[in-house]
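# Architecture at a glance
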Amino acid sequence: MTTPTTGTVGGPSARGPADGGGPSADRRGPAGRLLGGFGLIGPRHGRHVLPVDQVDELALPIGDDGVIAGVDGEGRPAVLGVNRPTPYDVVLIGGLWTAQVLALRAAATGARVAVETGRPQAWLQMVHAMGGGQNGLAVYDVGRVPPQGASAGTPVLVVRDCGMRPPRGRVVSGPWQSVLTLLPYLSPVAPGLLRRARLAGIQRVSPDEAAELGRVMGLSRAEVESLPTLADGVTLWCADGDREYVTTRPTDAETGLLGTPRRMD
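All values reported here derive from a predicted model rather than from experimental measurement.

### Quick word on the overall build of the protein chain
Scanning the protein chain from terminus to terminus reveals seven helices and ten strands. By residue count, 41% of the 265 residues in the protein chain fall in the buried class. As presented, the protein chain carries roughly 14,800 Å² of accessible surface, and 54% of it is formed by carbon and sulfur atoms.

The structure is reproduced here in structure tokens:
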């Protein structure tokens, strides 16, 4: 008769934690190998135990989901939630530089960016830097943007850089497809676009334009007076009565590709 080996799992002398045996007694064979089916041995020390009243200290400082447009007046990240399951229209009255930074950052979040523009040469450097349009950004002539097939897994941002009077777009906002319309200045079509937009960004404009925007958007007197004095890279973002001044600070890579912040192109 063969005598059972002492200390092996299932043998008459095998012991577990309840009767004083440690991991080496109930989890390993005579050669010290970890026995199959039991997984890795976890920590057995008191310092790995966290009291219930300290669990909240493990919370991570996770903010809103979206594209970081810059920082607010207190230096906190300002996030634009452009990837949404519902149609979302954004109007930016400002410079090409800011629109391009937002496009880059949207692509970095995993969104596909389709640029509809009458000045494709202004976007070519970005296209080349991102792999010739194969890595999230493609440029189309005005009126030539094909259906994008947006979904929760592949959200889309359409950037319309079509001048002062952008024509009606073939591709409009929809589920998981937002549209950002760039206007260099306040144009006759701007009030209508602003009224339909869920989010509006305003950069430095003339005093007359600021007064008109104040009437259209219900801005305060202080906000109207601030618009002609905004520095390059600063945008007043407005949505549903909320107002936030945001400063877009480029990364080193963005500066190398697009240059420093500027309002004029």
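### A closer look at helix α5 (residues 207-217)
When we look at burial in α5, the residues that qualify are Glu209, Ala210, Leu213, Gly214 and Met217. Angularly, the buried residues of α5 cover 140 degrees about the axis, an arc narrow enough to put them on a single face. Summarising the geometry of α5, the exposed residues directed more than 90 degrees from the buried face are Pro207, Asp208 and Arg215. The elements touched by buried residues of α5 are β3 (88-93), α4 (190-196), β8 (199-202), α6 (221-226), β9 (234-239) and β10 (242-247). With its phi angle positive at about 70 degrees, Gly218 sits one or two positions after the end of α5.

### Things to note about the nonpolar core
Among the nonpolar cores identified, the biggest contains 34 residues, and Val113, Met126, Val159 and Trp237 are the most heavily contacted of them. Here this core takes nine residues from helix α2 (residues 96-108), the largest share from any one element. Leave out the neighbours within four places in its chain, and Val113 touches Ala103, Ala106, Ala107, Gly136, Leu137, Ala138, Leu157 and Val159. Core analysis: the second largest hydrophobic core is formed by 21 residues, Ile93, Leu186, Ile202 and Ala210 among them.

### A look at the pairing of strand β4 (residues 112-117)
The side chains of a regular strand alternate, residue by residue, between the two faces of the sheet. Burial of β4 is extensive: five of the six residues sit out of reach of the surface. Here β4 pairs with strand β6 (residues 156-161) via six bridges, running parallel. Residue pairing in the sheet places Val115 in a bridge with Val159 of β6. Bridge count between β4 and strand β5 (residues 137-140): four bridges; the pairing is parallel. Counterpart to Ala114 in the pairing with β5 is Ala138.

### Describing the pattern of salt bridges
Tallied over the full model, the rule gives ten salt bridges. Between Arg221 and Glu225 there is a salt bridge whose closest N-O contact spans 3.1 Å. With Arg221 and Glu225 both in helix α6 and four residues apart, the pair spans about one turn of that helix. Note on Arg221: relative accessible area 67%, which makes it exposed.

### Re the confidence of the model for the protein chain
Of the residues in the protein chain, 78% have a pLDDT of 70 or more, and the chain-wide mean is 84. A low-confidence stretch, residues 2-21 (pLDDT under 50), is modelled with 20 contacts involving residues beyond four sequence positions or located in other chains.

Rules behind the numbers
- Residues numbered from 1 in each chain as written.
- Predicted model: local features only at pLDDT ≥ 70, side-chain atom pairs only at ≥ 80, totals over all residues.
- Heavy atoms only, no water.
- Helix = DSSP H or I, 4+ residues; strand = E, 2+ residues; numbered from the N terminus.
- Buried < 20%, exposed > 50% of the residue type's maximum accessible area, 1.4 Å probe, protein only.
- Areas by Shrake-Rupley, 256 points an atom, 1.4 Å probe, with all protein chains shown as cover.
- Arc of directions from axis to C-beta.
- Contact = heavy atoms within 4.5 Å.
- Core = buried A, V, L, I, M, F, W, Y, C linked by side-chain atoms within 4.5 Å.
- Pairing = 2+ DSSP bridges.
- Salt bridge = Lys/Arg side-chain N within 4 Å of Asp/Glu carboxyl O.
- pLDDT = per-residue confidence, 0-100.

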